[in-house]
Amino acid sequence: MKVSDILRIKGGTLFTVSPDELLINALKLMDDRDIGSLVVMEQGELVGMLTVRELTKVLVKTGGSISSTVVRTAMDDSPLTCTTETDMDEVRRMMLERHARYMPVMNKKILMGVISFHDVARAVVDSQNFENKMLKAYIHDWPEGQEPADAPKL
């Protein structure tokens, strides 16, 4: 399974913010849309990610006073990225190694979407459920009195 499979199911809705936007406005957008991350774009290019993790760090550091803080000061300016052709096993490995919950999907310098750890987990579960269903159907349709060629003889 590839990242493109997840994006096809998930859809292409993206929420972005400028690095010079007030952090409180970005936080309001995240709350309004019930999302955990924003892609930070400047002049059409990805320059960072803003997630709940970065927001938490800034809130703790400033004692909750973020009224004049801009996104640039809080964002991750070197987010983990992948392409639409990246294999899901590689995405899982990368996300686990970096403790990343969100990953922008890029096609060269073009932002194609964002996948979350939740999206990846859902894709894995859906894939396993499909495989289990196919195996159960195969076993159910097994001809009576026949054994697989490699089954141990008792």
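Attention in this report is confined to the structure presented alongside it. All of these numbers come straight from a predicted model, not from anything done at the bench.

1. Some thoughts on the overall build of the protein
In terms of helices and strands, the protein carries six helices and five strands. Seen in sequence order, the protein has helices and strands lined up from the N terminus as α-β-α-β-β-α-α-α-β-β-α. In terms of overall size, the protein is more extended than a compact globule, its C-alpha atoms giving a radius of gyration of 21 Å where 154 residues would be expected to give roughly 15 Å. With the C-alpha coordinates of the protein rotated into their principal frame, the extents come out at 75 × 35 × 25 Å.

2. A short note on the side chain of Thr69
Topologically, Thr69 is positioned in the loop between α3 (52-62) and α4 (71-74). Here Thr69 is in contact with Glu21, Leu22, Leu23 and Val58, once residues within four sequence places are set aside.

3. Focus: the side chain of Ser37
Along the chain, Ser37 falls in strand β2 (residues 37-42). If sequence neighbours within four positions are ignored, Ser37 has contacts with Met30, Met49, Leu50, Thr51, Tyr102 and Val114.

4. Description of the pairing of β2
Here is the key point about a regular strand: its side chains alternate between the two faces of the sheet. Of all six residues making up β2, five are buried, and the element is well covered by its neighbours. Of the strand pairs in this sheet, strand β1 (residues 16-17) and β2 are connected by two bridges, and their pairing is parallel. Within β2, the position partnered with Thr16 by the bridge is Val39. Between β1 and its parallel partner β2, the chain crosses via helix α2 (residues 23-33), and the hand of that crossover is right-handed. Note that β2 and strand β3 (residues 45-51) share six bridges and pair antiparallel. The partner of Val39 across the bridge, within β3, is Met49.

5. So, the sheet that holds β3
The sheet built from three strands is open, its strands ordered β1-β2-β3 with mixed pairing. Lying at the two open borders of the sheet, with one neighbouring strand each, are β1 and β3.

6. Details of the pairing of strand β4 (residues 102-107)
Relative to strand β5 (residues 110-116), β4 runs antiparallel, the two sharing six bridges. Each residue of the ladder has a partner; that of Asn107, found in β5, is Ile110. The turn linking β4 back onto β5 is made up of two residues, and Lys108 within it adopts a positive phi angle of 60°.

7. Points about α2
Considered for burial, the residues of α2 that qualify are Leu23, Ala26 and Met30. One side of α2 holds all its buried residues, which, seen down the axis, span an arc of 60°. Among the exposed residues of α2, those pointing more than 90 degrees away from its buried face are Lys28 and Asp31. Buried residues along α2 sit in contact with β1, β2, β3, α3 and α4.

8. Concerning the packing of helix α5 (residues 88-98) against helix α6 (residues 117-140)
Relative orientation of the contacting elements α5 and α6 amounts to 140°, with a least axis distance of 11 Å. On the basis of the axis angle, α5 is oblique to α6. Handedness of the α5/α6 crossing: left-handed. Of α6, the residues touching α5 (which contributes Met88, Val91, Arg92, Met95 and Leu96) are Phe117, Val120 and Val124. Of the residues in the contact of α5 with α6, the class split is seven nonpolar, no polar and one charged.

Calculation criteria
- Residues numbered from 1 in each chain as written.
- Predicted model: local features only at pLDDT ≥ 70, side-chain atom pairs only at ≥ 80, totals over all residues.
- Heavy atoms only, no water.
- Helix = DSSP H or I, 4+ residues; strand = E, 2+ residues; numbered from the N terminus.
- Rg over C-alpha atoms; globule rule 2.2 N^0.38 Å.
- Contact = heavy atoms within 4.5 Å.
- Buried < 20%, exposed > 50% of the residue type's maximum accessible area, 1.4 Å probe, protein only.
- Pairing = 2+ DSSP bridges.
- Right-handed = clockwise from strand over helix to strand, strands pointing away.
- Arc of directions from axis to C-beta.
- Axes fitted to C-alpha atoms, helices over the stretch in contact; angles between N-to-C directions.
- Parallel < 35°, antiparallel > 145°, perpendicular 65-115°, else oblique.
- Left-handed = near helix turned anticlockwise from the far one by under 90°.
- Nonpolar A, V, L, I, M, F, W, Y, C, P; charged D, E, K, R; others polar.

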